[in-house]
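# Descriptive structure summary
Chain by chain, the residues:
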Amino acid sequence: MTEPGSAEAPVAIDAMGSDGAPAPEVAAALACRARGQAVTLVGEREALTGAGAPPPIDVVDAPHRVSMADEPAMALRRSPQASVRVAARLVAHGRAGALVSAGSTGAIIGAALLELGRVPGVRRPAVSARLPVPGTDGVILIDAGGTPDAGVAAMVGFARMGVALAAGDDGPVPPDARSPGPVPRVGLLNVGAEPGRGNRAVRGAHVALAHMEGFIGNVEPADVLAGVADVVVADAFTGNVLLKTIEAMATAAGLDRHGDAGALLLGVRAPIVVAHGSAEAATLEAAVGAAADAAASGVSARVADRVASRAQTVGSGTPR
Amino acid sequence: MSARGREEIAELVTPRLGEVLAIDSSDVCHTARFEEDLAADSLDRLEVLEGVESDLRAQGLAVSLPDAELTSLRTVCDAVDRIHAQVTQQGRS
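Here we summarise the structure given alongside this text. Every value quoted in this text rests on a predicted model; they were computed, and no experiment measured them.

## Points about the overall build of chain B
When helices and strands are tallied, chain B shows 4 helices and 0 strands. Across chain B, helices and strands are ordered from the amino to the carboxyl terminus as α-α-α-α. Expressed as a percentage of the 93 residues in chain B, the buried residues total 44%. Expressed as a percentage of contacts within chain B between residues at least 6 apart in sequence, the contacts between residues at least 24 apart total 67%.

## So, helix α6 (residues 152-167) of chain A
With 16 residues, α6(A) extends 23 Å from end C-alpha to end C-alpha; this agrees with the ideal 22 Å at 1.5 Å per step. Among the residues trailing α6(A), G168(A) stands out with phi positive, at a value near 70°.

## Some thoughts on the layout of surface pockets
What the second largest pocket holds in volume is close to 370 Å³. Residue lining of the second largest pocket: 21 residues in total, with L113(A), L114(A), E50(B), G51(B) and S54(B) positioned closest to the centre. Looking at side-chain class alone, the lining of the second largest pocket contains 6 nonpolar, 3 polar and 12 charged residues.

## Some details on the sheet that holds strand β1 (residues 11-14) of chain A
In sheet architecture, strand pairing relies on hydrogen bonds along the backbone and comes in two forms, parallel and antiparallel. Residue and element names in this part refer to chain A. Sheet architecture is open: 11 strands sit in the order β3-β2-β1-β4-β11-β10-β5-β6-β9-β7-β8, paired in mixed fashion. Lying at the two open borders of the sheet, with one neighbouring strand each, are β3 (58-61) and β8 (215-219). Going across the sheet, the axis of each strand differs from the next one's by a mean of 30°, ignoring polarity. As judged from the 4 bridges shared by strand β2 (residues 39-43) and β3, these two strands associate in the parallel manner. Pairing of L41 across the sheet is with V59, part of β3.

The rules we used
- Residues numbered from 1 in each chain as written.
- Chains lettered and ligands numbered in written order.
- Predicted model: local features only at pLDDT ≥ 70, side-chain atom pairs only at ≥ 80, totals over all residues.
- Heavy atoms only, no water.
- Helix = DSSP H or I, 4+ residues; strand = E, 2+ residues; numbered from the N terminus.
- Buried < 20%, exposed > 50% of the residue type's maximum accessible area, 1.4 Å probe, protein only.
- Contact = heavy atoms within 4.5 Å.
- Expected span 1.5 Å × (residues − 1).
- 1 Å grid on protein atoms, 1.4 Å probe; cavity = no way out; pocket = protein on both sides within 12 Å on 5 of 7 lines; lining within 4 Å.
- Points joined across faces, edges and corners; volume = space filled by probe spheres on them.
- Nonpolar A, V, L, I, M, F, W, Y, C, P; charged D, E, K, R; others polar.
- Pairing = 2+ DSSP bridges.
- Axes fitted to C-alpha atoms, helices over the stretch in contact; angles between N-to-C directions.

So, in structure tokens, the structure goes:
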């Protein structure tokens, strides 16, 4: 049996996640298979067969699904065989190396926590999106859709994970974690630059992050688009509004977004890519590619290592 | 296996809660309210509950709290008491 997040194992696709499920998931699986990417579809077997998932696509039967309208915790409790939970279980057991789902983000996070487990020291996993800001390698927005009511401790964790992701694969973490190389610049998304701006959680996060290496203070949306920060920290409500605003502007400008590959969930023990509920086959195929790349790069383990090593560089005893 | 004492259940709940909240388990106050004091939502409570159930299963006790209990657990004490009651009931049956 392989370890969670193994690059050798197939990518599990939650086949009942998207708004149009399972047709886009099945089409994406067939396209992945055609280019040599191993995938496992997880969902209602009859529905998948009806949507055209013949052998050799591997199918794992999961008779239930979590809908966007369901309360995630209760739905996952009542339906241990829900497709997203079964798919996360496959990753936990090493039968898949990563997971792609276009379902409810709350359910994806819940399934990941229950089946895979969290990175130690992380209050809440977070969705990380790379914003295509000109002149940068992509500004990391975290949290772009996981925990709308994130408190201070959660946002400090987002900052740590974002830094770990932005730092990239630059070798083992040195004993002196304060000098691992270029330090990513971290901004806190806010409605003004002054430290006292924002709601209670954001003001608290500013205090907690004040001594974090690389922290540049509050940033406004215009600053984000100017690339002043490598990592932008936000609660998921604010982060998701910013992300969707940028996406809407891109769509209005006529940019092709079919290559969007979803967003990587950080803070759990294996790669999970969260795709839009409205995702079509091309988007899901790209998400599978991103998930396979994440598994191959070992990003989840790297983030866990770096979160642990950098924990001491952020103010301890952070309040909620 | 004999039914577990309440204190033994508390010793399972506390580290699970500490892990979920990313705090030292010695900082977990048993009278704390999940939502108001700990900012622990339903997903947090579920993670703790299923973690403790898993711990008990590893000790040979197949305990499962009714689903509806998930929404009615207000304090850490509530969680310990309900799980303890379930374990005790199981011990009798």
